[in-house]
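Reading the structure
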Amino acid sequence: MSFSPSELIINGDGSVFHLHLKPEQLAGRIVLCGDPSRVSMIAGYFDTRECEVSSREFHTVTGSYRGKRISVISHGIGCDNMDIVVNELDALANIDFATRTVRPAFRPLTMVRIGTSGGLQPFTPVGTYVAAEKSIGFDGVVYFYKDHEKVRDVAIEEELIRQLGWKITGIRPYVVSADTSLIEQISKDDILRGMTIAANGFYGPQGRELRLPLTDPDLNRKIESFHAENRRITNYEMESSALAGLAALMGHRAITVCCIIAGRTDKKMNTGYKNSLPALIEKVLDRI
């Protein structure tokens, strides 16, 4: 099967459409972050740099850290952007751009997203690091891909619908687990393993009410009290479900690790959160 130019879009310089990366510029270990400026912060730990590429919100630096070749890539905000990034990373790794065909040998990628997040429990105060052992998607991205049911935890989905008294019509939350081996590798014994909601917006979808009233004003309260399999929902962010779901469908390893910068229950906010990130960045770079 050969992918047509309208499906696999390759720029004139041989780079993939949005990321503007060429296959040889991508490392097998990838650190993802939302903010393009955070790429420079993370790459500041590198011993050497091979390349730096910027296009729109997508900023990439590939280099080495303590003998490991790593690419740091920004993905912008939202699961829609994550759909672009994960598909283009997989294309760079597993499609021959010259023939537009799938490479005979599969190249697995390891992707760790470093993010910021809002804590939903008393045990996730500002400054806590949380690994998304399970991601709850409010976005719907994985439903567009065949065999999505193979990577979903339907039992927890049913509990979500029941316990939350789900009122948001047209959207069904889905649940995807991070790669088991990567959970152990990255979180070890000093990063909390949690259940993370990937909301499809920052305001209403995360229970923030400004001038527009909410369909379910009690949703956050119900989320905070949710429990299943001895688990509680720990935090909100906006990308983990699409990353975990698409990676699982493609055969890659992926996980999201967040620094809690807002306490949604105690109404606290750390606007100087960038001071909390270096320790998390160092942990991820050491362990990836």
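Here is a short report on the structure shown in this document. (Residues numbered from 1 in each chain as written. Predicted model: local features only at pLDDT ≥ 70, side-chain atom pairs only at ≥ 80, totals over all residues. Heavy atoms only, no water.)

In the contact formed by helix 2 (residues 79-94) and helix 6 (residues 240-250), the axes pass within 9 Å of each other and the chain directions differ by 30°. With respect to helix 6, the element helix 2 is oriented roughly parallel. The two elements helix 2 and helix 6 meet at a crossing, and its hand is right-handed. On helix 6, the residues that touch Cys79, Met82, Asp83, Val86, Asn87 and Asp90 of helix 2 are Ser241, Ala242, Leu243, Leu246, Ala247 and Met250. Split into classes, the residues belonging to the contact of helix 2 with helix 6 amount to eight nonpolar, two polar and two charged. (Axes fitted to C-alpha atoms, helices over the stretch in contact; angles between N-to-C directions. Helix = DSSP H or I, 4+ residues; strand = E, 2+ residues; numbered from the N terminus. Parallel < 35°, antiparallel > 145°, perpendicular 65-115°, else oblique. Left-handed = near helix turned anticlockwise from the far one by under 90°. Contact = heavy atoms within 4.5 Å. Nonpolar A, V, L, I, M, F, W, Y, C, P; charged D, E, K, R; others polar.)

Moving on, we come to the pattern of salt bridges. Inspection of the entire model under this criterion finds 18 salt bridges. The partner of Arg172 in a salt bridge is Glu157, with the nearest N and O atoms 3.5 Å apart. Taken as a pair, Arg172 in the loop between helix 3 (154-164) and strand 9 (174-177) and Glu157 in helix 3 lie far apart in primary sequence, 15 residues in all. Relative accessible area serves as the criterion here: at 30%, Arg172 is assigned to the partly exposed category. A salt bridge links Arg253 to Asp179, with the nearest nitrogen and oxygen atoms 3.5 Å apart. With Arg253 in strand 13 (residues 253-263) and Asp179 in the loop between strand 9 and helix 4 (180-187), the pair connects residues that are 74 residues apart, well separated along the chain. (Salt bridge = Lys/Arg side-chain N within 4 Å of Asp/Glu carboxyl O. Buried < 20%, exposed > 50% of the residue type's maximum accessible area, 1.4 Å probe, protein only.)

We now examine the environment of Glu57. The residue Glu57 is located in the loop between strand 2 (48-55) and strand 3 (58-65) in this model. On the basis of relative accessibility, which here comes to 29%, the residue Glu57 falls in the partly exposed class. Taking the C-alpha atoms as reference points, Glu57 and His75, 18 residues apart in sequence, are found 6.6 Å from one another. Not counting residues within four places of it along the chain, the set of residues in contact with Glu57 comprises Pro36, Ser74, His75, Gly76 and Asn81.

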